[in-house]
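# Structural description and commentary
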Amino acid sequence: MTNIHARVSFLHVPTEQEVTPDILKLWGKAQANLGFVPNVFRAQALNTGQFSAWWSYFNLLLNKEGFLPPVEREMVAVVVSNINRCVYCAVSHGAALRALLQADGQNPDLEGILAVNYRHAPLPERLHAMLDFAEKLTRTPEAMREEDLAPLRQHGLSDAQILELTQVIGMFNMTNRISSALGFVPNAEYHAAGRQEPDKR
């Protein structure tokens, strides 16, 4: 199959010979864990210090133990990235969400509904309130008011959870804009990841 994208980024993408040993180590770890190096790792390594700082915070918010379950943080990532029409993040985090849904015993097809219109997704009201908050902050940040926190608190979110939710939303709004502005291309592996196998019976 022909690769529809010849480039990973609109900018120069550094080679292994052009990056620091720390970046090479991170690329190697990704290769070992995922079977490939995410293109966002390659593209942002052009500015080593900034990439390292971004990854440290991103990894903390999305991959480490936090105040919200990982599957909920990925749902937020998918909804925000699709609102922003960010190709890289919508595709890559769609794959991550499908994997988490499968691991959680849920149908990975839920990711597709969340990507198009989360309001149609069969989710608890708590999650709908979180995604409503994510949508408003993404679309109209200037309109945010203290009362926007009320539905979150009504559904039992603590202040620490609200802060983490807001940080995840903010991280994806930033990363979506970087990825879209510079034409980051998602790895081909993301497209098939977490898809259900067809029933062969």
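All of the points below concern the structure found in this document.

Rules behind the numbers
- Residues numbered from 1 in each chain as written.
- Predicted model: local features only at pLDDT ≥ 70, side-chain atom pairs only at ≥ 80, totals over all residues.
- Heavy atoms only, no water.
- Phe/Tyr/Trp six-rings, centres within 6.5 Å; stacked < 30°, edge-to-face > 60°.
- Helix = DSSP H or I, 4+ residues; strand = E, 2+ residues; numbered from the N terminus.
- Buried < 20%, exposed > 50% of the residue type's maximum accessible area, 1.4 Å probe, protein only.
- Expected span 1.5 Å × (residues − 1).
- Contact = heavy atoms within 4.5 Å.

Take the packing of aromatic side chains next. Tallied over the entire structure, the rule returns nine aromatic pairs. Taken together, a centroid distance of 5.2 Å and an interplanar angle of 90 degrees make the contact between Phe 36 and Tyr 190 edge-to-face. On the criterion of sequence distance, the pair formed by Phe 36 in the loop between helix H1 (21-34) and helix H2 (39-44) and Tyr 190 in helix H10 (residues 189-192) is long-range, its members being 154 residues apart. Exposure remark for Phe 36: the relative accessible area of 10% places this residue in the buried category. Judged by relative accessible area, which is 11%, Tyr 190 ranks as buried. Taken together, the aromatic side chains of Phe 41, Phe 51, Trp 54, Trp 55, Phe 58 and Phe 172 make up a single cluster linked through ring pairs.

As a further point, take helix H7 (residues 125-139). Look at H7: 21 Å from first C-alpha to last across 15 residues, which is about the 21 Å you get at 1.5 Å a residue. Inspection of H7 places Leu 127, His 128, Ala 129, Met 130, Leu 131, Phe 133, Ala 134, Glu 135, Leu 137 and Thr 138 among the buried residues, and these make up the whole buried set. Of the surrounding elements, those touching the buried residues of H7 are helix H4 (70-83), helix H6 (110-117), helix H8 (150-154) and helix H9 (159-181).

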